[in-house]
Amino acid sequence: MDRRRIVERHQPELNKWDPWSPFSVGNGEFAFSADITGLQTFPEQYEVPLGTQSNWGWHYTGGHGRFTASDAAYQMLDTNGRPVGYPMKPGDKVEAYHWLRQNPHRLQLGRISFRILLESGAEAQAGDVTNIRQQMNLWTGILNSEFCVQDVPIRVMTASHPVSDVIGVRVESPLIRQGRLLVFIQFPAPDMTHTEWSKAVFPDWGHDDRHRTVLREAGDQRALLERSMDEDSYEVGWEWSAGRIERTGVHEFTLLPDTQSEVLEFSVGFAPRTPQTKPVDNIVAASRSHWERFWMSGAAIDFAGSADPRAYELERRVVLSQYLCAVHSGGSLPPQETGLMYNSWFGKSHLEMHWWHAAHFPLWGRESYLLKSMNWYCEILPIARDLAQSQGYEGARWPKMVGFDGQPCPSPVAPGLIWQQPHPMALAELCYQADPTRVTLERFRDLVFEAANFMVSYAHPDKEKCVYNLGPPLIPAQECHSMQDSINPPYELEYWKYGLEIAVRWAERLQVAANPLWAKVAQAMAEPPQADGVYLAHERCEDTFTAKNHDHPSMLGALGILPGTLIDRKVMLNTLLKVKDVWNWDSAWGWDFPMCAMTAARLGEPDLAVDFLLLDATKNTYLTNGHNYQRPGLSAYLPGNGGLLTAVAMMACGWNGSQQGYNPGFPQNGRWSVKWEGLKPWL
């Protein structure tokens, strides 16, 4: 299989401004997103911010611990005869509610830009940029940008080091010799400038008094900048080939290149302390080596030769999604939904989305990317235990919307969700399948067992029916339901059983005694509710396909994502067809389409699987840069990319119990040629 040819036929290119498709370079822990100049010169041309973000760069407005969970207002909800508090509304503690929701938030580490001067001495504007040609070289991880200002050419190469949080830039232009091309770094204020969850959070370029930028060291070819805001700080290193820097604003420094050359090279590094800078040649060489190893290892898939005209677009999405997930979702923290592009939901992770970001990595033979973030669950296990205990449960309850510290935050939805609970167990099982050793079992045993202990404590016995119920109160994955009315959503019921069975298997593998309740509850989960031959969103939702036919059709996840041991396949097929016909797809989300495809594949409907995977819907749009567009302000949505990769792996390689290796999720009609290597079957 010619892997390089597969990748390079999908190198994204631009020859004009595209306000939705900035390109990113990065390494999973750090990313830099650039406009068509290869830097962040004209951010106003873009619909969302151009980010410079990391997994370590966070800020607490007013300092750490200004408020704690105990400062929030809690609404007491009846839970099988006892009250349990959830911080769903601000109540009489509005300031604490919003502070806890917004803090900590991920930092925009700085804007790196060109300042290009016209012959008149005025600064060039976006309209002065012509002859645009930009290519994101996926095979090398290097962004190449070419453009002109007043017919003078400028060539820029931008790369990120694969290990250090540093970018390297090489610029070639006669404008350097003419003294008309400068580079500046500018730093925004650290606080949130928008409190509405549904919109991107733009950097605050005012409020200079809210932060400090100090030139700590300066030399002929290097500078060290120290940034501080409240109790948080970080440092920026800057190294260049020839020239000098000067302060040009309270939080701005400009590099004036030496005019004896038409070439400028510089690198900028970011770190909590002692940032690294490196020669640009070293950064470029490391990037080339890293990305070639990435593409040559793990799995690959080739749709060339397919007669179906959709095959080329599917292959494009697959290739670009692999790159984007490695850059934005392959680090040491569960990522935010926009990765390291820019802040959405204050830069916090939604843990119910971690599966969608990262479950594909082991299936594509890149389990090391998932393992990086799995350690984080072990670190926050005490927080998850405290959350469960505070609500009167055993074990550990995983929070939903969190910063790096793992602390749950108030929200009108987040505290009521439960479907993130089995995620780390399912992900740990994927890690074990990739490395079936006792080392893996010991590494995640507490995570699996403590999560299971909460699950059996949370499930409520219905003595009359001899089953265990889920809720109320709960909010299903389809979030448009009332917390106090929802009971027994099908996906959550199946996932509870699936997660508990994982815990039982892990105890057997470790040859330790399992909690007897794990098997007892797993074997007695309530039947997923249905009516008129289709599954409902939950037991009390007879209007599932009329009033509630929007948001996620999450009942489908019970067979597709999961093996569906509680599911009647005929009823699920009826449900899938009903969803296809009546669902409001403009209200769905990017991961809903691969979820539906996985359900269709398990049901033996490969034509339907492809139809869902490539459904013509706004939120199933994949931009030039490969990001999954959702709506204005959310033009990057990594759960869609990750879900696509999971579904494609399953459709090609199969799942436990399928006839693996013959593309069971793709039509066998002679119109699809699907060749692959290195994929692993779904569970």
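Higher on the page you've got the structure.
None of these values were measured; they are calculated from a predicted model. (Residues numbered from 1 in each chain as written. Predicted model: local features only at pLDDT ≥ 70, side-chain atom pairs only at ≥ 80, totals over all residues. Heavy atoms only, no water.)

What about the sheet that holds strand E2 (residues 23–26)?
To keep it simple, the criterion reads: Note on pairing: two strands pair once DSSP finds at least 2 bridges between them. Only DSSP runs of H or I with at least four residues qualify as helices, and only runs of E with at least two residues qualify as strands; both kinds are numbered from the N terminus onward. Angles run from 0 to 180 degrees between N-to-C directions of axes, and those axes are lines fitted to C-alpha atoms, restricted for helices to the stretch in contact. Whether two residues touch is decided by their heavy atoms; if any such pair falls within 4.5 Å, the residues are in contact.
Spatially, the 3 strands line up as an open sheet ordered E2-E3-E4, and their pairing is antiparallel. Of all strands in the sheet, those with a lone pairing partner are E2 and strand E4 (52–54), marking the two edges. The average angle at which neighbouring strand axes cross in this sheet is 20°, direction not considered. The pairing of strand E3 (residues 30–34) with E4 spans 3 bridges and is classified as antiparallel. From the neighbouring strand, Phe 32 faces E4, where its bridge partner is Thr 52. Each of E2 and E3 touches helix H5 (residues 311–328); the most contacted strand, E2, lies at about 50° to it.

A closer look at the pairing of strand E19 (residues 252–257)
One face of the sheet, then the other: side chains in a regular strand alternate in exactly this way. Defined as follows: Accessibility here uses a 1.4 Å probe with only protein chains present; expressed as a share of the type maximum, an area under 20% marks a residue as buried, one over 50% as exposed, and anything in between as partly exposed.
Of all 6 residues making up E19, 5 are buried, and the element is well covered by its neighbours. In the sheet, strand E14 (residues 181–186) pairs with E19 via 4 bridges, with the strands oriented antiparallel. Its bridge partner being in E19, Val 183 is matched across the sheet by Leu 255. Sheet topology note: the strand E18 (residues 243–249)/E19 ladder contains 6 bridges and is antiparallel. Bridge pairing in E19 links Gly 243 to Pro 257. Hairpin connection of E18 to E19: 2 residues between the antiparallel strands.

Remarks on the packing of helix H8 (residues 367–379) against helix H10 (residues 423–434)
The condition is simple: Roughly parallel refers to an angle under 35 degrees, roughly antiparallel to one over 145, roughly perpendicular to one between 65 and 115, and oblique to any angle outside these ranges. The handedness criterion is simple: a crossing whose near helix is rotated anticlockwise from the far helix by less than a right angle is left-handed, and one whose near helix is rotated clockwise is right-handed. Gly counts as polar in this scheme, as do all residues outside two lists: the nonpolar Ala, Val, Leu, Ile, Met, Phe, Trp, Tyr, Cys and Pro, and the charged Asp, Glu, Lys and Arg.
With their axes 10 Å apart at the nearest point, H8 and H10 run at an angle of 135° to one another. What the angle tells us is that H8 and H10 run oblique. The crossing of H8 and H10 is left-handed. Counted together, Glu 367, Leu 370, Leu 371, Met 374 and Tyr 377 of H8 and Pro 424, Leu 427, Ala 428, Cys 431 and Ala 434 of H10 form the full contact between these two elements. Here the residues of the contact of H8 with H10 are counted per class, giving 9 nonpolar, no polar and 1 charged.

Overview of the packing of aromatic side chains
Heads up, the rule is: For Phe, Tyr and Trp, rings pair up if their centres lie within 6.5 Å, where Trp contributes its six-membered ring, and each pair is then called stacked (planes under 30 degrees apart), edge-to-face (over 60) or tilted (otherwise). Over a ring means this: the NZ of a Lys or the CZ of an Arg is within 6 Å of the ring centre and within 35 degrees of the ring normal.
Taken as a whole and assessed by the stated rule, the structure comprises 36 aromatic pairs. Between Trp 291 and Tyr 323, the ring centres sit 4.7 Å apart and the planes meet at 40°, which makes this aromatic pair tilted. Placement of the pair is Trp 291 in helix H4 (residues 280–296) and Tyr 323 in helix H5, with a sequence separation of 32 residues. An aromatic cluster of three or more residues is present, and its members are Trp 355, Trp 356, Trp 419, Tyr 491, Tyr 495, Tyr 498, Trp 591 and Trp 682. Looking at Arg 82, its charged tip hangs above the ring of Tyr 393, at a distance of 4.9 Å from the centre.

Digging into unusual backbone geometry
Pro 472 follows Gly 471 through a cis peptide bond whose omega is -15°. By secondary structure assignment, the location of Pro 472 is in the loop between strand E25 (467–469) and helix H12 (490–510). Even without glycine at this site, Asp 151 takes up a positive phi of about 70°. Structurally, Asp 151 can be placed in the loop between strand E11 (142–149) and strand E12 (152–160). The class for Asp 151 is exposed, based on a relative accessible area of 66%. Positive phi is not limited to glycine here, since Cys 466 has a value of about 60°. Within the element layout of this structure, Cys 466 appears in the loop between strand E24 (460–462) and E25.

Focus on H10
Put simply, the test is: In a helix, the anticipated span is given by 1.5 Å times the number of residues less one.
Over its 12 residues, H10 runs 17 Å from end to end, which matches the ideal 16 Å to within 8%, given 1.5 Å per residue. Those residues of H10 that sit buried are His 423, Pro 424, Met 425, Ala 426, Leu 427, Ala 428, Glu 429, Leu 430, Cys 431 and Tyr 432. The secondary structure elements touched by the buried residues of H10 are helix H6 (354–358), helix H7 (360–363), H8, helix H11 (438–458) and H12.

Things to note about the pattern of salt bridges
What counts here: We define a salt bridge as a side-chain nitrogen of Lys or Arg found within 4 Å of a carboxyl oxygen belonging to Asp or Glu.
Enumeration over the complete set of coordinates arrives at 27 salt bridges. With a closest N to O distance of 3.0 Å, Arg 3 and Glu 677 form a salt bridge. Of the two residues, Arg 3 is situated in helix H1 (residues 3–8) and Glu 677 in strand E30 (residues 675–677); the sequence distance between them amounts to 674 residues. Among the residues examined, Arg 3 registers a relative accessible area of 9% and is labelled buried. Assessed through its relative accessible area of 30%, Glu 677 is described here as partly exposed. Residue Glu 315 pairs with Arg 9 through a salt bridge whose shortest N-O separation is 2.6 Å. On the criterion of sequence distance, the pair formed by Glu 315 in helix H5 and Arg 9 in the loop between H1 and strand E1 (13–14) is long-range, its members being 306 residues apart. Taking relative accessible area as the criterion, Glu 315 reaches 3% and is therefore assigned buried. What you see here is one network of salt bridges that share partners, running through Arg 9, Asp 302 and Glu 315.

Interpretation in functional terms is not warranted from these geometric data alone.
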